Amino acid sequence: MSRLLVIWLSVLTAVTVYADDRRAKVNYQLHCQGCHTGDGSGHPGRQIPTLTNYMGKFLTVEGGREFLIQVPGAAQSQLNDIELAELTNWMLKSFDPETAKKGFEPYSATEVGQLRKSMVLDFTGTREALVKKIEIANNY
């Protein structure tokens, strides 16, 4: 009986992960793709940054993890905390797979809920300061 329960739970977990990734992808299409494009390349000329092979670098500098949730498009979205955590984790895995290979700690709904309570007042200045930290940390 316990073996059957383990198998059933494994199947449910696999289905849940698939459903969460699928929901995250749909949420990206609905809430992010218009600016960041389908492949995450953004529009740098219009101040829409690329996510591709760059988003995860924010996790390497102090304040960057928080920033990814506190950007206005994320923090003020209509997504609930679970959906925003799923979406951000999916984006990191999809657009910057090296991050996932390095074993990043996925966002939880609880963490997202806490981070959303703090607004970034100077979005541009904060982002520029974080990008400078990333450049220094990665010897760009």
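Keep in mind it's a predicted model, so treat the numbers as computed, not measured. Residue indices follow the written sequence of each chain, beginning from 1 at its first position. At least 70 in pLDDT is required for a residue's local features to be given in this predicted model, at least 80 for side-chain atom pairs to be given and counted, and no such filter applies to totals for whole chains, interfaces and linings, which use all residues. Processing note: side-chain calculations cover all non-hydrogen atoms of the structure and skip hydrogens and water entirely.

(A) View of the pattern of salt bridges. What makes a salt bridge here is a side-chain nitrogen of Lys or Arg within 4 Å of a carboxyl oxygen of Asp or Glu, nothing more. Under the counting rule described, the total for this entry stands at five salt bridges. Notably, a salt bridge pairs Arg65 with Glu111, separated by 2.7 Å at the nearest N-O pair. Of the two residues, Arg65 is situated in helix H3 (residues 64-70) and Glu111 in helix H7 (residues 109-115); the sequence distance between them amounts to 46 residues. Residue exposure (1.4 Å probe, protein chains only): buried if accessible area is under 20% of the type maximum, exposed if over 50%, otherwise partly exposed. On the accessibility criterion, Arg65 (17% relative accessible area) is buried. The salt bridge partner of Asp81 is Arg116, with a shortest N-O separation of 2.9 Å. Placement of the pair is Asp81 in helix H5 (residues 81-95) and Arg116 in the loop between H7 and helix H8 (123-137), with a sequence separation of 35 residues. Residue classification places Arg116 among the buried residues on the basis of a relative accessible area of 15%. Among the charged side chains, a network of salt bridges with common partners joins Asp20, Arg23 and Glu86. For helices the rule is a DSSP run of H or I covering at least 4 residues; for strands it is a run of E covering at least 2, with both sets numbered from the N terminus onward.

Remember that the coordinates give geometry; whether it matters functionally is a separate question.
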